[in-house]
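Inside the fold
Next come the chains, spelled out residue by residue.
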Amino acid sequence: MKQYDFVVIGSGIAGLTFALKAAKHGSVAVITKRKGADSNTAWAQGGVACVTSDEDSFELHVRDTLEAGAGLCDEATVRTVVTEGPERIQELIAFGLRFDERNKSGHRELDLGREGGHSKRRVLHVQDVTGLEIEKTLLRELDRAANVELLENQMAVDLITAGKLGFAAEDRCLGVYVLEEKTGAVETIRTDRLVLATGGCGKVYLYTTNPDIATGDGVAMAWRAGAVIANMEFIQFHPTCLFHPNAKSFLISEAVRGEGGVLRNERGEAFMARNHPQRDLAPRDIVARAIDAEIKRSGAHCVFLDITDRSPEFLRARFPHIYETCLRLGIDMAKQPIPVVPAAHYQCGGIKTDVNGTTTLPGLFAIGEVGCTGLHRANRLASNSLLEGLVVAHRACVTMLRDQPPTHPARDVALPEWKSGDVQNVDELVVIYHNWGEIRRLMWDYVGIVRTDKRLQRASARLRNLQREIREFYWNFKITVDLLELRNLATVAALIVDSALSRTESRGLHFNMEHPESAKESPHDTLLSRN
Ligand code: SIN
């Protein structure tokens, strides 16, 4: 059995930021199921929303965030994230990250991007590869840090809790079982502070802007361990994912619309003009629903994002990654509109936490996309999530150092070794791939941008069957990364459906045709717990 002062699962902006801070105070393991850089963060194009200009203010950023959140945000959390953001950004700059700058009246200043729902330009960016640059910067720091082990190709299986060891009245997280992909061995790791930073669950949908790792592992593990899960019905669909048979999950950043890109239907009409006063920069839920309606009305496969008004020089300098990727696929964005469709992008709900990442299970913290702090709630303002990752990771570390773990009756109890139900290898991989595909298709068809009670009930019934089958697999065969991901995906899909069924109104990202209005009484969170 291994033991660390802090264990972090996930290696995106939140996990790495936390690890770098915690390593100054004790031993840290960062566990990641692929390579260190395989994270949602590395795919983030837009940037980090943060107040840095004299023309902007904390009040305006707070107001825009609350407005996007459709009445559900926790205002104190919003204020904390917004006002502490600039200090956290300075830390990234001190690590050597260079955000884009521009010349203004003879002096250099940050070049701020604009995205949907923001009343001001406030998005710090590095061209259109902000997340990748942040990831590289943090990994470089991690490499230099003492006290941290980066454990790659290791996947967390389940949390170990005092409750499962018979201390139900004083439940807390005690550690985690981890599968080493290469050997198939499962290791027991003990810690008093376990931090989930596993990102979101985009892979639960057929079409997503997320990388393959986004299988909802953190939410599924926390759920099985008894933590409270909040607001999983609020899945954000990004309006503009590239529509091309050879492009998997390629995002066309909202910043393209921020620089003048206009959405057009198959007839060339700029349809957002009749949908919202902010047109193409309306909040994402509104843009995604408008595109969905256009596609359903016309029977077309996609709509088009037109930025041919801007010069090729500007587009190449501001969006080099998007420009080159489109060009490789035969689309010259300077000359022709880009075909786009909405795709699952961000999980606004997650493991319920406060602004310090504290969950309802003592000893367990959740930071970044996997946690639900109250910043986004019913809808996320674009580019607020990298900021949240930085601020909450910092606060989680401060909180842990302030509140040392209490002495606990299970502290001296030996943690049980992992027991495999059976040692056979999975005989028919086709079953795993079939179930994986079935979940993703049914979530897309029945639990997508526009929902109905009937479709949600259908999805619920199908998912129960699939979960039963997956449970059998789990107990009868040797576990593998594929099987663990499938099990987590099914759990998270069921949590999304259960949450969506229990919200009998439409609000923010959750739109149900049978309950199209927001409820009159005060807005509430959807809270689910196994206990
Ligand atoms: C984008 O670049 O459009 C994505 C930004 C975000 O989701 O915050």
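A quick note: this is a predicted structure, and the numbers were derived from the prediction, not measured.

1. What about the site of the ligand?
Close to the ligand lie Q45, G46, E115, H238, L251, S253, E254, R284, H345, R380, A382 and S383, which account for all nearby residues. Residue G46 places a main-chain N or O atom 2.9 Å away from an oxygen atom belonging to the ligand. At 2.6 Å, a backbone N or O of E254 approaches an oxygen atom of the ligand. Computed on the free molecule, the ligand has an accessible area of 260 Å², of which 94% lies beneath the protein chains in the complex. Counted by class, the shell around the ligand contains 2 nonpolar, 6 polar and 4 charged residues.

2. Overview of the packing of helix α5 (residues 217–225) against helix α13 (residues 481–502)
It is the contact of α5 with α13, at a shortest axis distance of 8 Å, that shows an interaxial angle of 80°. The orientation of α5 relative to α13 falls into the category roughly perpendicular. Contacts between α5 and α13 involve D217, V219, A220, W223 and R224 on the former and, on the latter, R487, N488, T491, V492 and L495. By residue class, the composition of the contact of α5 with α13 is 5 nonpolar, 2 polar and 3 charged.

3. Let's talk about the sheet that holds strand β17 (residues 338–347)
An order of β14-β17-β16-β15 is seen for the 4 strands of this open sheet, with the pairing classed as antiparallel. Pairing within the sheet leaves two strands with one partner each, and these edge strands are β14 (235–242) and β15 (262–264). Each adjacent strand pair in this sheet contributes to an overall mean axis angle of 45°, direction not counted. Summarising the sheet, β14 and β17 pair through 6 bridges and their orientation is antiparallel.

4. With respect to a positive patch on the surface
On the surface, K164, R468, R471 and R530 cluster together to form a positively charged patch. Structurally, R530 can be placed in the segment after β21 (527–528).

5. Digging into the nonpolar core
One finds L196, I439, M443 and I496 to be the most contacted residues of the largest nonpolar core, which totals 63 residues. Per-element tally for this core: the top contributor is α13, with 10 residues. When neighbours within four sequence positions are excluded, I439 is seen to be in contact with V204, L463, L466, I470, L486, A490 and A493.

6. Overview of the pattern of salt bridges
Proximity of charged atoms lets side chains of opposite charge pair with each other. One pass over the structure, following the stated rule, counts 44 salt bridges. One salt bridge in this structure joins E59 and R79, with 2.8 Å as the shortest N-O distance. In this pair, E59 is assigned in helix α2 (residues 58–68) and R79 in helix α3 (residues 75–94), connecting sequence segments 20 residues apart. Since its relative accessible area comes to 47%, E59 is described here as partly exposed. Taking relative accessible area as the criterion, R79 reaches 31% and is therefore assigned partly exposed. The residue E269 makes a salt bridge to R267 at a minimum N-O spacing of 3.4 Å. Through salt bridges with shared partners, a single network forms among E266, R267, E269, R274, E294 and R297.

7. So, the packing of aromatic side chains
Following the criterion strictly, the structure yields 8 aromatic pairs and no others. Between Y177 and W418, the aromatic rings sit 5.3 Å apart at their centres with planes inclined by 65°, giving edge-to-face as the arrangement. Residue Y177 is found in strand β10 (residues 173–180), and its partner W418 is found in the loop between α10 (384–402) and α11 (429–446); the two are separated by 241 residues along the sequence. Overall, W418 belongs to the partly exposed group, its relative accessible area being 21%. Seen from their ring centres, Y474 and W475 are 5.0 Å apart, and the 80° between their planes marks the pair as edge-to-face. By relative accessible area, which is 5% here, Y474 ends up buried. Given the relative accessible area of 48%, W475 is considered partly exposed. Over the ring of F314 we find R310; its NZ or CZ atom is 3.8 Å from the centre of that ring. Its end group placed over the ring of Y474, R487 keeps NZ or CZ at 3.7 Å from the ring centre.

8. Some remarks on unusual backbone geometry
Phi is positive for N153, close to 55°, though the residue is something other than glycine. Checked against the element boundaries, N153 lands in the loop between β8 (148–151) and β9 (154–161). A residue is classified by how much of its surface remains accessible, and N153, at 28% relative accessible area, is partly exposed.

9. Points about the pairing of β10
Buried residues dominate β10, accounting for 7 of its 8 residues. As paired strands, β9 and β10 are joined by 7 bridges and run antiparallel to one another. Looking at the pairing, A156 lines up with V178 of β10. As paired strands, β10 and strand β11 (residues 186–190) are joined by 5 bridges and run antiparallel to one another. Each residue of the ladder has a partner; that of V178, found in β11, is E187. Counted along the chain from β10 to the antiparallel partner β11, the turn is 5 residues long, and its residue G184 has a positive phi close to 80°.

10. Looking at the sheet that holds β9
An order of β1-β11-β10-β9 is seen for the 4 strands of this open sheet, with the pairing classed as mixed. Of all the strands in the sheet, just β1 (2–3) and β9 have a single pairing partner and so form its edges. Sheet strands touched by α13: β9 and β10. Its angle to β9, the strand with the most contacts, is close to 55°.

11. A short note on helix α7 (residues 284–298)
For α7, spanning 15 residues, the distance from its first C-alpha to its last is 21 Å, which sits close to the expected 21 Å at 1.5 Å a residue. Those residues of α7 that fall on the buried side of the exposure criterion are R284, D285, V287, A288, A290, I291, D292, E294 and I295. Taken together, the buried residues of α7 touch β14, α6 (254–258), β15, β16 (303–306) and β17. Residue G299 follows α7 closely and has a positive phi angle near 75°.

12. Remarks on the environment of L263
For L263, the location among the structural elements is in strand β15. Separated by 16 residues in the primary sequence, L263 and R279 have C-alpha atoms spaced 9.1 Å apart.

Cut-off values and rules
Residue positions are counted from 1 within each chain, in the order its sequence is given. Per-residue local features are limited, in this predicted model, to residues with pLDDT of at least 70; the limit for side-chain atom pairs, both in listing and counting, is 80 or more; totals at the level of whole chains, interfaces and linings are taken over all residues. Water and hydrogen atoms play no part in the side-chain values, which are based on all heavy atoms of the structure. Nearness is defined per residue: one heavy atom within 4 Å of the molecule or strand is enough. Here a polar contact is taken to be a pair of N or O atoms separated by no more than 3.5 Å, where protein atoms must pair a possible hydrogen donor with a possible acceptor and residues adjacent in sequence count only if both atoms sit in side chains. Surface accessibility follows the Shrake-Rupley procedure with a 1.4 Å probe radius. Residue values consider only the protein chains on display as shielding. Three categories are distinguished: nonpolar for Ala, Val, Leu, Ile, Met, Phe, Trp, Tyr, Cys and Pro, charged for Asp, Glu, Lys and Arg, and polar for the others, with Gly belonging to the last. Under this scheme, a helix contributes an axis fitted over its contacting stretch, all axes are lines through C-alpha atoms, and angles between N-to-C directions fall in the 0 to 180 degree range. Counting from the N terminus, the helices are the DSSP runs of H or I reaching at least four residues and the strands are the DSSP runs of E reaching at least two. The scheme is simple: roughly parallel for angles under 35 degrees, roughly antiparallel for over 145, roughly perpendicular for 65 to 115, oblique for anything else. The contact criterion used is simple: two residues touch if any of their non-hydrogen atoms lie within 4.5 Å. Strand pairing is assigned whenever DSSP detects at least two bridges linking the two strands. Candidate patch residues must exceed 30% relative accessible area and have no salt bridge, after which like charges are joined if within 9 Å and Val, Leu, Ile, Met, Phe, Trp or Tyr side chains if within 5 Å. Salt bridges, as used here, are contacts in which a Lys or Arg side-chain nitrogen is within 4 Å of a carboxyl oxygen on Asp or Glu. In summary, the charge assignment counts Lys and Arg as positive and Asp and Glu as negative, without counting His or the chain termini. Charged side chains are reduced to one point each, which is NZ for Lys, CZ for Arg, CG for Asp and CD for Glu. Take the buried residues of types Ala, Val, Leu, Ile, Met, Phe, Trp, Tyr and Cys, join any two whose side-chain atoms come within 4.5 Å, and each joined set is a nonpolar core. Any residue under 20% of the maximum accessible area for its type is buried, any over 50% is exposed, and the rest in between are partly exposed; the area is computed with a 1.4 Å probe on protein chains only. The pairing test for Phe, Tyr and Trp rings, Trp by its six-membered ring, is centres within 6.5 Å, and the orientation test on the planes gives stacked under 30 degrees, edge-to-face over 60, and tilted for anything in between. Definition used: whenever NZ (Lys) or CZ (Arg) falls within 6 Å of the ring centre and also within 35 degrees of the ring normal, the charge is taken to sit over that ring. To estimate how far a helix should reach, multiply one less than its number of residues by 1.5 Å.

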